[in-house]
Amino acid sequence: MECLYLLLVVFHFTAGCSLSGEIVVRGHTGGSVVLPCSCTDLQTKPQRVTWQVYRGKEWTEVFSADQYRDRLQQFNDDSPANLSLLISDLREEDDGDYRCQTEKESRFFRLFIKGCDLMKSGETEEVTRFSGESVVLLCSCTDLQTKPHTVKWKFRSAKSGIYNIEEIYSTQTGQHRDKVRLTNKYSGNLSLLISDLTEEDQGDYSCSVQGDHKDVRLHVKVRETPTRLWTTDPTTPSEDHPSTAVTESERIMMCVAH
Ligand SMILES: *[C@@H]1O[C@H](CO)[C@@H](O)[C@H](O)[C@H]1NC(C)=O
Ligand SMILES: *[C@@H]1O[C@H](CO)[C@@H](O)[C@H](O)[C@H]1NC(C)=O
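Values in this document were obtained by computation on a predicted structure and should not be read as measured data.

1. Structural notes on the site of ligand 1
Ligand 1 sits among Ser38, Phe75, Asn82 and Ser84. Here an oxygen atom of ligand 1 sits 2.4 Å away from a polar atom, N or O, in the side chain of Asn82. For ligand 1, the accessible surface in isolation is 360 Å², of which the surrounding protein chains cover 47%. Grouping the constituent residues of the shell around ligand 1 by class yields 1 nonpolar, 3 polar and no charged.

2. Focus on the layout of surface pockets
Approximately 200 Å³ is the volume attributed to the largest pocket. For the largest pocket, the full set of lining residues is Thr124, Lys154, Phe155, Arg156, Ile165, Asp204, Tyr205, Ser206, Ser208, His213, Asp215 and Arg217. Sorting the residues of the lining of the largest pocket by element identifies strand 11 (152–157), strand 15 (203–209) and strand 16 (212–221) as the ones contributing at least two each. Looking at the lining of the largest pocket element by element, the count peaks at 4 residues for strand 15. Taken together, the residues that form the lining of the largest pocket break down as 3 nonpolar, 4 polar and 5 charged.

3. Notes on the pattern of salt bridges
Tallying each qualifying case throughout the model produces 11 salt bridges. As a salt-bridge pair, Asp66 and Arg69 come within 2.4 Å of each other at their nearest N and O atoms. Arg69 carries the same exposure label as Asp66, and that label is exposed. We note a salt bridge from Asp143 to Lys114, for which the minimum N-O separation is 3.9 Å. Here Asp143, found in the loop between strand 10 (135–137) and strand 11, pairs with Lys114, found in strand 8 (residues 106–114); they are 29 residues apart in sequence, far enough to count as distant.

4. Observations regarding the site of ligand 2
In the vicinity of ligand 2, the residues found are Leu138, Ser140, Leu144, Thr183, Asn189 and Ser191. Asn189 is positioned such that a nitrogen or oxygen atom in its side chain is 2.3 Å from an oxygen atom of ligand 2. Expressed as a share of its isolated accessible area of 360 Å², the protein-covered part of ligand 2 is 52%. Residues of the shell around ligand 2, tallied by class, amount to 2 nonpolar, 4 polar and no charged.

Reading the values: rules and limits
Residues numbered from 1 in each chain as written. Chains lettered and ligands numbered in written order. Predicted model: local features only at pLDDT ≥ 70, side-chain atom pairs only at ≥ 80, totals over all residues. Heavy atoms only, no water. Near = heavy atom within 4 Å. Polar contact = N/O pair within 3.5 Å; in protein donor to acceptor, adjacent residues only side chain to side chain. Areas by Shrake-Rupley, 256 points an atom, 1.4 Å probe, with all protein chains shown as cover. Nonpolar A, V, L, I, M, F, W, Y, C, P; charged D, E, K, R; others polar. 1 Å grid on protein atoms, 1.4 Å probe; cavity = no way out; pocket = protein on both sides within 12 Å on 5 of 7 lines; lining within 4 Å. Points joined across faces, edges and corners; volume = space filled by probe spheres on them. Helix = DSSP H or I, 4+ residues; strand = E, 2+ residues; numbered from the N terminus. Salt bridge = Lys/Arg side-chain N within 4 Å of Asp/Glu carboxyl O. Buried < 20%, exposed > 50% of the residue type's maximum accessible area, 1.4 Å probe, protein only.

Read these as geometric descriptors, not functional statements.
In structure tokens form, the structure reads like this:
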């Protein structure tokens, strides 16, 4: 009886985990997906499981690839027969073929990643503001769920040459340091807020994500300082009207003397 039991256990561990089928999984940049893989018999436990991705004509281990660092999770600590893989913070380059492999078989997956397509891609918008004001330069993915892994805002000053382009987001340099931020950091809305505008901020801005860009030309007008006050009465009030310069204590003194 004991022997039979032992045999059954051995059978479970070696033959029990069978995988099957090709599966299509869809995700979007910034989101997460589970590639579902488990032993048909949930009581079993495979000896060895590897997850691989097809890259550059060969299968490579996902857990040793830099691209996936800190973005993978498995569930087989709690349920050993569940070999599923969770990939989070998806990027466009995660798109591809994957396989879940035990010592005996493999299960194949096709992962499609929908990336960010910019609204008004390739267009240039004109915006005018006064100095001292702030401005939101609009840039957004058509699907707000598809937050891209990287977004860059670049700036070319109206004063500098055409080759003088600086990145102002996500690295902030020069005059834009501490003056710019994304209005909505955790979505596909990539609009940039620039505060306290000066003439120096006038120029061309470009919002770019993988293979796509949208431009904004910003005009900054300097507010005319009101000149009337200065031209009508250039002298200081105390010279012209000495009586108005009487202070509260002087008035009290005058009352007392009276
Ligand atoms: C395996 O774990 C994942 C994540 O918790 C879950 O979505 C999936 O349903 C589980 N699969 C099975 C067969 O239990
Ligand atoms: C993105 O955010 C800006 C600033 O909050 C807002 O004005 C704009 O309407 C948003 N765009 C979309 C497509 O939601």
